[in-house]
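In case you want the letters, here they are:
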Amino acid sequence: MSASGTKKELTFDGIAASPGVSIGIATVLTRESLEFPRKEISKNEVEKEIKRFKEALKETRKQLESIKKRVLNRLGEKAAELFDAHLLILDDKIVVDEALKRIREECRNAEWVYFEIMQDFHDAMSDIDDEYMRERGVDILDVKRRVIRNLTGRKSLSVTDLKGMRIIVCHQLTPSQMVMLDRNAILGLAVDLGGRTSHAVILARGLEKPAVVGLKRFSENVKDGDRLIIDGSKGRVILNPAKGSLLKYRALQEKYQKFQQALLPIKELPAKTLDGREVRLAANIDFPAEVESALAHGANGVGLFRTEYIYLNKSELPSEEEQLQEYQYIADQNYPNAVRIRTFDLGGDRMGLDTESDEEENPFLGWRSIRISLDTPDLFLKQLRAILRSSGRQNVRIMFPMISSFEELIQSKEYVRKAMAELEAEGVPFDPHIEVGMMIEVPSAVMMADQLAKEVSFFSIGTNDLIQYTLAVDRGNERIAKLYTNYHPAVLRMIKETVEIGHRNGIWVALCGEMACDLQVVPFLVGIGLDELSVTSPLIPEVKKLIRSLRYNTTKRLCEDIPRCSTAKQVEESLQEFMQSELPEISEVLLPEVENNKQTVEG
């Protein structure tokens, strides 16, 4: 074991992935290297090679089903369903057929062929400027490695032989590795790669272990036996902590545990301020399996159901009946609370559409989202019919993404009317008074909000894209990632103006971006009068606790000061000062420190 007093303390900042504080000794998992030759095979060996490939697929399926069963027993149905994605990837007909074709035509070994196909698939997912979709690339990587190990006869990287309670440090942690960890033997996780939506992180939350991801090259600085502090609430890892840091974080660890205990009784209580202002707290979900978690954490409905996974998990575009089954399940599980279903929000390349055009240089300014829906009426009507058919209990809402003009909104509403007319002619029941709303994600929508508000029942502000488009910052570009911030005065002014315009026109205004998960910004969002915040399910209790500790009148005064700020730094400092003044206990446990006089390494 390294003596922390003889080594310099270093602080690394990453992404807060699973909350809590852990102090312990590191075990570093070495990066796995899959090496195999590119081999030419004779025509006579082709069928034997195909048989070997099919047997590897069969063995991989057995392994994944075994893992899923193990996860079901340990972590429950929700966590186990994450491995359905792995099985879908493994059984993908396009991939398997392409591999068989290339083995036959190119006369090459199965390992090399499968590696090339899956690597192309992984690279395509990694290039998408959407954190959720990029993280699905890790699932592809996991399946690829497992199949190749079965082809080469190698064993998987062992993560089970831990001696005592340890903090796991690694470059990348796949879901398969995650579930092999003994929850009684790990204290926390520090990972170079990954984001908040990775399956490994979801599993870490299920194990209730602190985790920090996105640490870049942190693992290269750590050796087995080094002492670490993991602060999963603030996204911070301290290597070789000094005595003062150890004392501070032990105290913080105890406070965090007490804070979590205090959250248990408020699950069923409303998110209402001390002076009576209620803000609905809903959940953002990506797939139906997350409904269970949303309800368990006290969500008041679903503020954003992203429908993209329905399209991406299938080799063919989903039928109306397949979509109806998914939407109906979510609506029934959340009844009588509202469910806002967003029509699909992806580029045509990921939808399997034949665009007959060259690859777009900048797809996020190209043919995507509502633009595709309006250009492919059959696809759009099929989804709208499925949503309408799920609305019989009158708790379903339709939400259009990326509306940038008045014309797009009017056209989108016309398709809703057309879908209604078709269903009515067929005698199929639906809610004829279903609420139709839109997301505010681009600056032009903010500028046109007064006109747009007269055509919808609600606005939902999508801050992830609003920030990106307003600040001209690609949040997936590490060179300029620091420019992407929740605290830019222009963005906050836009949000405030949108709420004011919406209320002036008598419509409901919600916010469903990652900003709603930033506890430091929540007082501002409450103060400007938002009707609903939609957040990641595990954070609902913390956001609710924060809202129930605030006074609405006090937050309104904060909102008078924030728009006067000139820089993001001034905004952040004002929010930090407010939190430390009004809610010192919550600030100390959950929010980053204002000062940072330690040596900090960003990855």
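Residues numbered from 1 in each chain as written. Predicted model: local features only at pLDDT ≥ 70, side-chain atom pairs only at ≥ 80, totals over all residues. Heavy atoms only, no water.

**Overview of the overall build of the chain**
And then number 1: Per the secondary structure count, the chain includes 24 helices and 17 strands.
And then number 2: Looking at the chain residue by residue over its 603 residues, the buried ones come to 55%.
And then number 3: Summarising the internal contacts of the chain: among those between residues at least 6 apart in sequence, 71% fall at separations of at least 24.
And then number 4: With the model as given, the accessible surface of the chain reaches about 26,600 Å², and the carbon-plus-sulfur share is 47%. (Helix = DSSP H or I, 4+ residues; strand = E, 2+ residues; numbered from the N terminus. Buried < 20%, exposed > 50% of the residue type's maximum accessible area, 1.4 Å probe, protein only. Contact = heavy atoms within 4.5 Å. Areas by Shrake-Rupley, 256 points an atom, 1.4 Å probe, with all protein chains shown as cover.)

**Describing the packing of helix α9 (residues 243-263) against helix α21 (residues 540-548)**
Describing two packed helices takes the angle between their axes plus the distance from one axis to the other.
And then number 1: Taken N-terminus to C-terminus, the directions of α9 and α21 make an angle of 85°; their axes are 10 Å apart at the nearest point. Put simply, α9 runs roughly perpendicular to α21. Contacts between α9 and α21 pair Tyr256, Phe259, Gln260 and Leu263 from the former with Pro541, Glu542 and Lys545 from the latter.
And then number 2: The residue makeup of the contact of α9 with α21, split by class, is four nonpolar, one polar and two charged. (Axes fitted to C-alpha atoms, helices over the stretch in contact; angles between N-to-C directions. Parallel < 35°, antiparallel > 145°, perpendicular 65-115°, else oblique. Nonpolar A, V, L, I, M, F, W, Y, C, P; charged D, E, K, R; others polar.)

**Quick look at the sheet that holds strand β9 (residues 280-285)**
And then number 1: Read around the closed barrel, the eight strands follow the order β9-β10-β11-β12-β13-β14-β15-β16; overall the barrel is parallel. Ignoring strand direction, the axes of neighbouring strands in this sheet form an average angle of 25°.
And then number 2: Note that strand β14 (residues 458-461) and strand β15 (residues 508-511) share four bridges and pair parallel. For Ile461, the partnering residue across the bridge sits in β15 and is Leu511.
And then number 3: Each of β9 and β16 (532-536) touches α21; the most contacted strand, β9, lies at about 160° to it. (Pairing = 2+ DSSP bridges.)

**A few points about the pairing of strand β8 (residues 236-239)**
And then number 1: Residues of β8 alternate between two faces, with Arg236 and Ile238 on one and Val237 and Leu239 on the opposite face, all of them buried.
And then number 2: Direction of pairing for strand β1 (residues 10-13) relative to β8: antiparallel, over a ladder of four bridges. Pairing of Phe12 across the sheet is with Val237, part of β8.
And then number 3: Alignment of strand β7 (residues 227-231) against β8, held across four bridges, turns out to be antiparallel. Following the sheet pairing, Asp231 is matched in β8 by Arg236.
And then number 4: Where β7 folds back on β8, the antiparallel hairpin that results is connected by four residues, among which Gly235 adopts a positive phi of roughly 70°.

**Let's talk about the environment of Arg250**
And then number 1: Note that Arg250 resides in helix α9.
And then number 2: Residue classification places Arg250 among the partly exposed residues on the basis of a relative accessible area of 43%.

**Re the confidence of the model for the chain**
And then number 1: In this model, the chain carries a mean pLDDT of 84, and residues with pLDDT of at least 70 account for 82%.
And then number 2: Of the regions scoring below 50 in pLDDT, residues 1-5 engages in nine contacts with residues more than four places distant in sequence or in other chains. (pLDDT = per-residue confidence, 0-100.)

**Re helix α19 (residues 489-504)**
And then number 1: Helix length check: α19, at 16 residues, gives a terminal C-alpha distance of 22 Å against a target of 22 Å (1.5 Å per residue), a fit within 8%.
And then number 2: Listing the buried residues of α19 in full gives Pro489, Val491, Leu492, Met494, Ile495, Thr498, Val499, Ile501 and Gly502.
And then number 3: In the segment just after α19, Gly506 is the residue with positive phi, at about 75°. (Expected span 1.5 Å × (residues − 1).)

**Comments concerning the pattern of salt bridges**
And then number 1: In total, this model carries 36 salt bridges according to the counting rule given.
And then number 2: With its nearest N and O atoms 2.0 Å apart, the salt bridge here joins Arg61 to Asp91. Here Arg61 is found in helix α1 (residues 46-75), whereas its partner Asp91 is found in the loop between α3 (82-90) and α4 (93-106), with 30 residues between them in sequence.
And then number 3: A relative accessible area of 41% means that Asp91 is categorised as partly exposed.
And then number 4: In this structure, the salt-bridge partner of Arg389 is Glu321, at a minimum N-O distance of 2.8 Å. With Arg389 in helix α14 (residues 377-389) and Glu321 in helix α12 (residues 320-334), this residue pair connects regions lying 68 residues apart in the sequence.
And then number 5: Judged by relative accessible area, Glu321 falls into the partly exposed class, the value being 47%.
And then number 6: In the salt-bridge network here, residues are joined through shared partners; they are Glu320, Glu321, Arg385, Arg389, Glu422 and Glu426. (Salt bridge = Lys/Arg side-chain N within 4 Å of Asp/Glu carboxyl O.)

**Notes on the pairing of strand β12 (residues 396-400)**
And then number 1: For β12, the tally of buried residues reaches five of five residues, placing the bulk of the element in the interior.
And then number 2: Alternating residues of β12 divide into Val396, Ile398 and Phe400 and Arg397 and Met399, and every residue in both groups is buried.
And then number 3: Here four bridges tie strand β11 (residues 339-342) to β12, and the two strands are oriented parallel to one another. Along β12, the bridge assignment pairs Arg340 with Arg397.
And then number 4: Across four bridges, the pairing between β12 and strand β13 (residues 435-440) is parallel. Along β13, the bridge assignment pairs Phe400 with Met438.
And then number 5: Handedness of the β12-helix α15 (residues 406-426)-β13 crossover: right-handed. (Right-handed = clockwise from strand over helix to strand, strands pointing away.)

**What to know about the side chain of Arg397**
And then number 1: With respect to the helices and strands, Arg397 occurs in strand β12.
And then number 2: Arg397 sits in the buried class, given a relative accessible area of 14%.
And then number 3: With sequence-adjacent residues up to four places away left out, Arg397 is seen in contact with Ala338, Val339, Arg340, Ile341, Ile434, Glu435 and Phe458.

**So, unusual backbone geometry**
And then number 1: Backbone torsion omega between Tyr335 and Pro336 reads 5°, so that peptide bond is classified as cis.
And then number 2: In the Ramachandran plot, Lys216 falls in the positive-phi region, its phi being about 65° despite a non-glycine side chain.
And then number 3: In this structure, Lys216 sits in the loop between β6 (211-213) and β7.
And then number 4: You can call Lys216 partly exposed: its relative accessible area is 36%.

**Remarks on α14**
And then number 1: For α14, with 13 residues, the first-to-last C-alpha span of 18 Å sits near the 18 Å given by 1.5 Å per residue.
And then number 2: Among the residues of α14, Leu379, Phe380, Leu381, Gln383, Leu384, Arg385, Ala386, Ile387 and Leu388 are the ones counted as buried.

**Digging into the environment of Phe524**
And then number 1: Tracing the chain through its elements places Phe524 in helix α20 (residues 522-527).
And then number 2: Judged by relative accessible area, which is 0%, Phe524 ranks as buried.
And then number 3: For the pair Phe524 and Leu558, spaced 34 residues apart in sequence, the C-alpha separation works out to 6.8 Å.
And then number 4: Residues contacting Phe524, with those up to four places away along its chain left out, are Leu492, Lys496, Leu558, Cys559, Ile562 and Leu575.

**Quick notes on the packing of aromatic side chains**
And then number 1: Scanning all chains against the criterion turns up five aromatic pairs.
And then number 2: On the numbers, 5.6 Å between centres and 55° between planes, the contact of Phe53 with Tyr114 is tilted. A residue pair is termed long-range when its members are at least 10 positions apart, and Phe53 in helix α1 and Tyr114 in helix α5 (residues 110-126) qualify at 61 residues. Both residues of the pair, Phe53 and Tyr114, belong to the buried class.
And then number 3: Aromatic pair Phe305 and Tyr327: ring centres 6.2 Å apart, planes at 80°, arrangement edge-to-face. Remark: Tyr327 occurs in helix α12 and Phe305 occurs in strand β10 (residues 302-306); sequence separation between them is 22 residues. As far as the burial class goes, Phe305 and Tyr327 line up, both buried.
And then number 4: Within the aromatic cluster, the residues linked to one another by ring pairs are Phe380, Phe400 and Tyr415. (Phe/Tyr/Trp six-rings, centres within 6.5 Å; stacked < 30°, edge-to-face > 60°.)

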